[in-house]
Amino acid sequence: MSEGMGGGVPGGDDAGPSVIRLARAKEDREVTFDRRELFEILRVYGRMVASGEWRDYAIDHLADRAVFSVFRRTSETPLFRIEKTPKLAARQGAYAVIDQGGRILKRGADLARVVAVLEKKPKLVEI
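Residues numbered from 1 in each chain as written. Predicted model: local features only at pLDDT ≥ 70, side-chain atom pairs only at ≥ 80, totals over all residues. Heavy atoms only, no water.

Caption draft 1: Examining the nonpolar core more closely. Membership of the largest hydrophobic core comes to 19 residues, with the highest contact counts inside it found for Ile41, Val44, Trp54, Phe68, Ile82, Leu111 and Leu118. Of all the secondary-structure elements, those providing two or more residues to this core are α1 (35–50), β2 (66–71), β4 (95–99) and α2 (111–115). With near-sequence residues (within four places) excluded, isoleucine 82 lies in contact with Phe33, Ile41, Ala66, Val67, Phe68, Ala96, Val97, Leu111, Val115 and Leu118. (Core = buried A, V, L, I, M, F, W, Y, C linked by side-chain atoms within 4.5 Å. Buried < 20%, exposed > 50% of the residue type's maximum accessible area, 1.4 Å probe, protein only. Helix = DSSP H or I, 4+ residues; strand = E, 2+ residues; numbered from the N terminus. Contact = heavy atoms within 4.5 Å.)

Right under this line is the structure:
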């Protein structure tokens, strides 16, 4: 390599090499649901769709949490949000089910137990 080359920059401009990030740093990655978590969520979601309660969903992967939102109709606000917040894992549990008004219905470390709050409960019917 000759001395007149510009550090790998076309045109010979002696600005030096540039850094290209190929992968995000660990703290820059967004939070996602893994396969096991999606299986638990979609198991409940499938039952509720089959019963006609829910019709649509959305998944958001944000910097601090992952959110699975459930809708009765696409144009409405979500009926429920299932959130995974890893920062709360040691204290309150990483998973939470939040209703349309923003109330936390259930929070914990076991996703299956947290989403169980969304299952339909049998009702007592008087004849």
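Caption draft 2: Quick peek at the environment of leucine 62. Tracing the sequence through the fold places leucine 62 in the loop between β1 (56–61) and β2. The class of leucine 62 is partly exposed, set by a relative accessible area of 33%. Between the C-alpha atoms of leucine 62 and threonine 32, which are 30 residues apart in sequence, the distance is 7.9 Å.

Caption draft 3: Geometry of the packing of aromatic side chains. As enumerated under the stated definition, the model contains five aromatic pairs in all. Geometrically, the ring pair formed by tyrosine 45 and phenylalanine 68 is edge-to-face, given 6.0 Å between the ring centres and 75° between the ring planes. You can see tyrosine 45 sitting in helix α1 and its partner phenylalanine 68 sitting in strand β2, a full 23 residues away along the chain. Owing to a relative accessible area of 11%, tyrosine 45 belongs among the buried residues under this scheme. Measuring from ring centre to ring centre gives 6.1 Å for tryptophan 54 and phenylalanine 80, while their planes differ by 55°; the resulting arrangement is tilted. Here the residue tryptophan 54 occupies a position in the loop between α1 and β1, and phenylalanine 80 occupies one in strand β3 (residues 80–84), the gap between them amounting to 26 residues. The exposure class assigned to tryptophan 54 is buried, which follows from its relative accessible area of 4%. A relative accessible area of 21% means that phenylalanine 80 is categorised as partly exposed. An aromatic cluster of three or more residues is present, and its members are Tyr45, Trp54, Tyr57, Phe68 and Phe80. (Phe/Tyr/Trp six-rings, centres within 6.5 Å; stacked < 30°, edge-to-face > 60°.)

Caption draft 4: Summary view of the sheet that holds β2. Within the open sheet, the five strands sit side by side as β1-β2-β3-β4-β5. Their pairing is antiparallel. At either margin of the open sheet sits one strand with a lone partner, and together these are β1 and β5 (104–108). Pairwise comparison of adjacent strand axes, ignoring direction, gives a mean angle of 15° for this sheet. (Pairing = 2+ DSSP bridges. Axes fitted to C-alpha atoms, helices over the stretch in contact; angles between N-to-C directions.)

Caption draft 5: Expanded view of the pattern of salt bridges. Overall, the coordinates contain 10 salt bridges when judged by the stated rule. For glutamate 37, the salt bridge goes to arginine 36, with nearest N and O atoms at 4.0 Å. A salt bridge links arginine 65 to glutamate 83; the shortest N-O distance between them is 3.7 Å. With arginine 65 in the loop between β1 and β2 and glutamate 83 in strand β3, the pair connects residues that are 18 residues apart, well separated along the chain. With a relative accessible area of 28%, arginine 65 lands in the partly exposed category. If you follow the salt bridges from partner to partner, you end up with Glu40, Arg43, Arg47 and Glu119 in one network. (Salt bridge = Lys/Arg side-chain N within 4 Å of Asp/Glu carboxyl O.)

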